[in-house]
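# Geometric and topological summary
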Amino acid sequence: MGQLSASCPTDGQPHRAAVVGAGIAGLCAAIALRRAGWHVAVYEKSSFKNEIGAAITITPNATLVLERFGFDFLEFGGVRNEMLLRYEAKNLSLLQMEYYGPDSGAEWSRFWSVHRVDLHSGLRGLATQTQDNTPGPPADIRLGQEITGIDCEAGTVKLKDGRLEQYDLVIIADGAHSRLIEDFTGNPSTVHRTGRSIYRWLVSMDEVNADPVLQNLYTDPQGSRKSGFVAWDDQETRILWVSYKCRGGKVLNNAVVHETQTGEGEEDLWQSPVSREQILKVLCNFHPSVQNMVSMTAEDGIKAHHLYKRLPLQSFVRGKTLVMGDAAHVMMPIHAAGASMAIETAATLETLFDLSGSTWTMDSRLEMFDKLRVPRCNLAMLSSNAGPEWLHIPGVEDEIRKYYSGPLPPAGAMPYSSAFRDVLFKHDEYRAARECMDKTAKN
């Protein structure tokens, strides 16, 4: 298979971890393990020369983690997400309004919108910075180094050039299309297309506000121009268009979930281009002012890609290896939970794998990791992949209950309602991990 270039450290030597993938999940894993005292190598096959993506939502369970890491949302263009306004696509009648801002009285109200590239830049800095007050050694991010295989039991990774490296812990965080998941499960990947795709593009808020109809749509019925989700729902064609601000409120992110069109996004990449003419045909039922936001971007500014699902993993641990992020849970974007669940997992890592004064064995740490993450992540994945009507769909709750025994919202709870938010986003993973450790110690 190749020549082993490093052996596992003996007693007294630093604990070493390999993270495969330097996306949001991989960088958060690196930050968490760095803070826990580990020496971390991050393997990333790309060179980061042309970072791509769109804005994402960070929910309160993940905000808690990023704030603890020291991530400054405002410095990286973050915008508070305080409400959801959902309109009927054709006549713009208000279908749903949820307010969860800091002055609403709602607990766990720290939702943020941030551009993915800006978030990634901030996380990379936290993983590698060398300031005196930064806990743990800086992570070593190795760009252009592709991992082609893993011996999960031994903790050995194989590089494309044939070299082998051995670690105390290996984390697979290389995304939904992970090439290593088959090494982890021992079976072919179950990732498959859903028949749904998503358009994404950015426009200037100055242009949006120049249209009186659009300006009014971004103002709640009480006359307040707070930031948050503004969405249009066309139930006839099953199209959901969601928008929210990023980059200091100057830019509006648009995401349109729709039935995949013939020839659309065949490259399966963020940069698969779609013409404005094609999108307007898909959005023919939408109000003209809303359609105008398609023309506010450059002709080559709209991208499309397919949406995928995968069967739930029964375990996120094998030998010395664990899996996290999209590699562990492939989610539809309906509930904006995918990235936040990956960030939440980083809190599990920081707590369970903290080396200071701890006598836990690696096997015990990994066992607790599985107990904590399989229920939460599979809950989020199965609920997201079932869509807004998840608890109304026969079999969805039964499938969730195979992994998760905690509370669920009432079947009629709307996405981002209080009952919905309490289950998915009102969660302190640091506390949950400490409680798991205390319970395990007593047993």
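Note: the structure precedes this text.
The structure displayed is predicted, hence computed values, not measured ones. (Residues numbered from 1 in each chain as written. Predicted model: local features only at pLDDT ≥ 70, side-chain atom pairs only at ≥ 80, totals over all residues. Heavy atoms only, no water.)

## Description of the sheet that holds strand S7 (residues 111–115)
Two orientations exist for strands paired in a sheet by backbone hydrogen bonds: parallel and antiparallel. Just so we agree on the cut-off: Should DSSP find at least two bridges between two strands, the strands are regarded as paired. By definition, any uninterrupted DSSP run of H or I lasting at least four residues is a helix, any uninterrupted run of E lasting at least two residues is a strand, and each is numbered from the N terminus. Helix axes use the C-alpha atoms of the stretch in contact, all axes being lines fitted to C-alpha atoms, and the angles between their N-to-C directions lie in the range 0 to 180 degrees.
If you trace the three strands from one edge of the open sheet to the other, you get S3-S7-S4, paired in antiparallel fashion. The strands lining the two open edges of the sheet, one partner per strand, are strand S3 (55–58) and strand S4 (79–81). For this sheet, the mean angle separating the axes of adjacent strands, direction not counted, is 30°.

## A word on the environment of Phe73
Rules: Burial here depends on accessible area, computed with a 1.4 Å probe over protein chains only, as a share of the maximum for the residue type. Under 20% is buried, over 50% is exposed, and the range in between is partly exposed. The contact definition used throughout considers only heavy atoms, calling two residues in contact when any of these lie within 4.5 Å.
Its location among the elements puts Phe73 in the loop between helix H2 (60–69) and S4. Residue classification places Phe73 among the buried residues on the basis of a relative accessible area of 4%. Separated by 45 residues in the primary sequence, Phe73 and Asp118 place their C-alpha atoms 9.4 Å from one another. In this view, Phe73 contacts Ile58, Thr63, Leu66, Glu67, Gly78 and Trp112; residues no more than four positions away in its chain are not counted.

## Digging into the sheet that holds strand S9 (residues 147–151)
Taking strand neighbours across the sheet as the criterion, the three strands line up as S9-S10-S11 in an open arrangement whose pairing is antiparallel. Across the chains shown, the open sheet's two edge strands, defined by having one partner strand only, are S9 and strand S11 (164–166). The average undirected angle you get between the axes of adjacent strands in this sheet is 25°. In this structure, S9 lies alongside strand S10 (residues 156–159), joined through four bridges in antiparallel fashion. Residue pairing across strands places Asp151 opposite Thr156, the latter belonging to S10.

## Observations regarding the pattern of salt bridges
Let me state the cut-off plainly: Each salt bridge in this description consists of a side-chain nitrogen of Lys or Arg and a carboxyl oxygen of Asp or Glu lying within 4 Å of one another.
Per the counting criterion, the structure on display carries 18 salt bridges. For the salt bridge of Glu153 with Arg318, the shortest nitrogen-to-oxygen distance reads 3.6 Å. Taken together, the residues Glu153 in the loop between S9 and S10 and Arg318 in strand S18 (residues 317–318) connect sequence positions 165 residues apart. Salt bridges linked by common partners bring Glu344, Arg373, Arg376 and Glu429 together as one network.

## Focus on the nonpolar core
Soluble globular proteins: nonpolar side chains tend toward being buried together. Selection criterion: We define a nonpolar core as any set of buried Ala, Val, Leu, Ile, Met, Phe, Trp, Tyr and Cys residues linked to one another through side-chain atoms lying within 4.5 Å.
Judged by nonpolar contacts, the single largest core of 109 residues is most densely connected at Ile58, Leu66, Phe69, Ile171, Leu349 and Phe353. Once you skip the residues sitting within four places of it in the chain, Phe69 turns out to touch Cys28, Ile31, Ala32, Arg35, Leu126, Ala346, Glu350 and Tyr430. Grouped together as the second largest cluster of nonpolar side chains are 30 residues, Tyr218, Leu252, Phe286 and Val294 included.

These values are about where atoms sit, not about what they do.
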